[in-house]
Amino acid sequence: MNALVTPELRAEFDALCGRYPQRRAALLPILHRVQDVHGWISRAAMEEIADYLGIPPVEVQGVVSFYPMLRQEPAGRHIVSVCKNISCDLLGCRELLAAIQGRFGVKPGETSGGGAFTLFAAQCLGACGYGPMMDVDGTYHENLTPEAAVEILEKLR
Amino acid sequence: MSAPHPLEVPLLTRRLHQAGYDGSLAAYRAGGGYRQFERAVTSLTPDQVTDMIKDSGLRGRGGAGFATGLKWSFMPKESVKPHYLLVNADESEPGTFKDRLLMERDPHLVVEGAAIAAYAIRARQVYVYVRGEYRHPRACMDRAIAEARADGLLGRNLFGTPYSLEMHTHPGAGAYICGEETALMESLEGKRGHPRPKPPFPAGFGAWGMPTTINNVETVATAPVILEMGALEYRKHGTPNSPGTFLVGVSGHVKRPGVYELPLGIPARAVIDEVCGGVRGGRRLKAFYVGGSSTGLLPAQHADVPLDHDSVRKLGVMLGTGGLVVMDESACIVRATMVLADFYDHETCGQCSQCRVGMEWCYQIIRRIELGQGQPDDVATLLDLIENFAGGKTICAFADGAAMPYRTAIQAFRAEWDEHVRRGGCPFAQSGERALEAVHA
Ligand SMILES: Cc1cc2nc3c(=O)[nH]c(=O)nc-3n(C[C@H](O)[C@H](O)[C@H](O)COP(=O)(O)O)c2cc1C
Ligand code: SF4
Ligand code: FES
């Protein structure tokens, strides 16, 4: 029991809870933290978090399933999101995705061989003037060519 | 950053043009930063601050253009309940990327603006709700907040007065709907981002049921500017009913995309041709989304429209967030609409059946028109569907927002839709078909 919420994490969570008039408000920051550490959010993790916050596990699951950034299954070691929305579409995000598929054989939603990265086609990421772009683990790479995108992904281990 | 374009009026962004400006507390203070917050707390009442914002005519920069001073004045004056200020940094409207610039490059301007707004509405706690993908902007804000706290600009008994103020960022997690003000409150409380029916309104019953004001990042960042220059000076820019400057984020087929601070009322053509160097590759302008996808599309013949609330409304669109998306003649309107329909279908929260089902149907129909399986009455069906979910029939304005790009694209480019159906496919040269399938299969 309580394998995931280590004393260190618990201290962090306590501090997060202290920011809000109700502890439950810390749920999203806590889920982000857990996902950063574990790569995804398992059933067991949801139960521990629910227990920690004193809310029913189904409430935690309801939240996890609502938010696209929260993953309920394991993913590759790196998370790659290529924006597919309007401005990036006008500037060639399709060529980016085609190049990635050509080089690594992955389509959005799939994980590259060896598990280096999972690819997503994302909605607008707020980099519209600098497209096409991709987000690798929270770092934005902008004004990309297909070759530049492939080169960045080749360095991922 | 280089010198501003001659048409720019850098009020909020003036520091960003200084050589070596790094957005640190020291740099911000060197230019007079936090003096307006100190002045407000030590020598102005909350109502005086609110009145100055009222006099400036500032209208919210988050999309709806609501009068900011008026919004602040809805907050209770005598109340034993805690008040909250929520700064909306969800910035997920397609084509919008301007709040990020402020948070990354001048986060203390946002912190000071939020602090002034909080003081005016008698709040002692601010939450800056930053979209989850904005890790870097949020880190910049966290650093600025920590610096301000360490320097006694946040915390207890500020400037030797009884006023205390705390501020924190809060991450979203990828749901566009959480930018809607009541969905944002639900999300902040640790719930699914489902918009609440209104009334009750946030000023009476907001976050945790307490009096709450919610403002966009750029809106609060304008407060120190107005206090510093005075409402009358501020009003010298812009138009009488849309005063001041706004951040215009230009993307798409222009030579120099980016974020520019421009006076309200500037013609769209001046933004596209002069500020952004015109359309790329010697091609002609075809159409543009005025201020984010949910504000709708205007064809090139309306490019002289002044970008202020009243002028664009006369053409059936909205000013929105200042996210101007430019399309040249090589762009397919049906494809662009399909990309957006995929977005709205993905982002509906699903509470209202008209919205949930409407988004799905619209996407399916638009997609099949673009991919060559359009039926003769598909466009009429689309118009029908839109009337079913648009026009204030739903809990929140999401559905009305989705209707804008669909309706305006059909109105202005009906022939192009019919052409798709007639010839059984897209008449525009499309590259990367495999990727198209990958994204829209
Ligand atoms: C679907 C939807 C999404 C929205 N997204 C945002 C957003 O990302 N950022 C924002 O500031 N306002 C957004 N808004 C507008 C907010 O509801 C609210 O009006 C705004 O934050 C108020 O701030 P302002 O008065 O300073 O503009 C959105 C509204 C809707 C209906
Ligand atoms: S209009 Fe759409 S997004 Fe808004 S509450 Fe209803 S279902 Fe949700
Ligand atoms: S459309 Fe791609 S970042 Fe906005």
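What counts as what
Throughout, a residue's number is its position along its own chain's written sequence, starting from 1. Chain A is the first chain written and ligand 1 is the first ligand written, with later ones labelled in order. Confidence filtering applies because this is a predicted model: local features only for residues at pLDDT of at least 70, side-chain atom pairs given and counted only at 80 or more, and all residues used for totals across whole chains, interfaces and linings. Excluding hydrogens and water, the side-chain values take into account all heavy atoms of the structure. For the purposes of this entry, the term helix denotes a DSSP run of H or I that reaches at least four residues, the term strand denotes a run of E that reaches at least two, and both are numbered from the N terminus. Exposure is judged per residue with a 1.4 Å probe applied to protein chains only, and the accessible area is read against the type maximum: over 50% gives exposed, under 20% gives buried, and values in between give partly exposed. Residues adjacent in sequence count toward polar contacts only when both atoms are side-chain atoms; beyond that, a polar contact is any pair of N or O atoms within 3.5 Å, and within protein one must be able to donate a hydrogen and the other to accept it. Here, two residues are considered to be in contact whenever any of their heavy atoms come within 4.5 Å of each other. Nearness is judged by heavy atoms alone; a residue qualifies as near a molecule or strand once a single heavy atom is within 4 Å of it. Here the nonpolar group is Ala, Val, Leu, Ile, Met, Phe, Trp, Tyr, Cys and Pro; Asp, Glu, Lys and Arg are the charged ones; every other residue, Gly included, is treated as polar. Throughout, the edges of the domains are those of an automatic or database domain assignment. Values labelled buried area give the accessible surface lost by two parts on being combined, using a 1.4 Å probe and summing over both. Any carboxyl oxygen of Asp or Glu within 4 Å of a side-chain nitrogen of Lys or Arg constitutes a salt bridge here. Between any two strands, pairing holds if DSSP finds at least two bridges. In this analysis, axes come from line fits to C-alpha atoms, helices being fitted only over the stretch in contact, and the angle between any two N-to-C directions falls in the range 0 to 180 degrees. Only buried residues count toward a nonpolar core, which is a set of Ala, Val, Leu, Ile, Met, Phe, Trp, Tyr and Cys residues joined through side-chain atoms within 4.5 Å.

Let's talk about the side chain of Ser 311 of chain B
Residues and elements named next belong to chain B.
Logical step 1: Within the secondary structure layout, Ser 311 lies in helix H12 (residues 309–314).
Logical step 2: Residue classification places Ser 311 among the buried residues on the basis of a relative accessible area of 15%.
Logical step 3: Here Asp 308 takes part through its side chain, which lies 2.8 Å from a polar atom of the side chain of Ser 311.
Logical step 4: When residues no more than four places from it in sequence are discounted, the contact partners of Ser 311 are Val 305 and Pro 306.

Observations regarding the site of ligand 2
Logical step 1: Taken together, the residues surrounding ligand 2 are Ile 177, Pro 195, Thr 348, Cys 349, Gly 350, Gln 351, Cys 352, Cys 355, Thr 394, Ile 395, Cys 396 and Phe 398 of chain B.
Logical step 2: Partitioning the shell around ligand 2 into residue classes produces eight nonpolar, four polar and no charged.

Considerations on the domain arrangement of chain B
Residues and elements named next belong to chain B.
Logical step 1: As far as domains go, chain B holds domain 1 (15–234), domain 2 (245–328) and domain 3 (333–440).
Logical step 2: Distance between the C-alpha centres of domain 1 and domain 3: 35 Å.
Logical step 3: Taken together, the contact between domain 1 and domain 3 spans 13 residues of the former and nine residues of the latter.
Logical step 4: In total, about 840 Å² of surface goes out of reach between domain 1 and domain 3, with carbon and sulfur atoms giving 71% of it.
Logical step 5: In this structure, the connection of domain 1 to domain 3 is made through zero salt bridges.
Logical step 6: Where domain 1 meets domain 3, there are two residue pairs in polar contact (both at pLDDT 80 or more).

Here we look at the sheet that holds strand E4 (residues 212–216) of chain B
Residues and elements named next belong to chain B.
Logical step 1: Taken together, the four strands give an open sheet; going across it, the order is E3-E2-E1-E4, and neighbouring strands pair in parallel fashion. Of all strands in the sheet, those with a lone pairing partner are strand E3 (166–171) and E4, marking the two edges. Direction aside, neighbouring strands of the sheet carry axes that sit 20° apart on average.
Logical step 2: By the bridge criterion, six bridges tie strand E1 (residues 84–89) to strand E2 (residues 125–130) in an arrangement that is parallel. Counterpart to Asn 88 in the pairing with E2 is Tyr 129.
Logical step 3: Docked against the sheet, helix H6 (residues 107–120) engages E1, E2 and E3, running at close to 145° with respect to E1.

Observations regarding the nonpolar core
Logical step 1: Phe 117 and Met 134 of chain A together with Phe 37 of chain B are the most contacted members of the largest nonpolar core, which has 90 residues in total.
Logical step 2: The greatest single-element share of this core, amounting to 10 residues, is contributed by H6 of chain B.
Logical step 3: The residues touching Phe 37 of chain B, leaving out its near neighbours within four places in the chain, are Glu 112, Ala 115, Ile 116, Tyr 119, Leu 153, Leu 158, Phe 159, Tyr 163 and Leu 165 of chain B.

Details of the interface of chain B and chain A
Logical step 1: On the chain A side, the residues contacting the 64 residues of chain B number 48 residues.
Logical step 2: Across the chain B/chain A interface, buried area totals approximately 4,400 Å², and carbon plus sulfur atoms make up 59% of it.
Logical step 3: Broken down residue by residue, the surface that chain B buries against chain A is led by Arg 135, Ala 173 and Arg 192 of chain B, which jointly contribute 13%.
Logical step 4: In this assembly, chain B and chain A are joined by four salt bridges.
Logical step 5: The shortest N-O distance in the salt bridge between Asp 342 of chain B and Lys 84 of chain A comes to 2.8 Å.
Logical step 6: Counting across the interface, chain B meets chain A through 20 residue pairs in polar contact (both at pLDDT 80 or more).
Logical step 7: Where the side of chain B that touches chain A is concerned, the elements lending two or more residues are E2, E3, helix H8 (181–188), strand E5 (245–252), strand E9 (323–328), helix H13 (333–347) and helix H18 (433–440) of chain B.
Logical step 8: It is H13 of chain B that contributes the most residues to the side of chain B that touches chain A, eight residues altogether.

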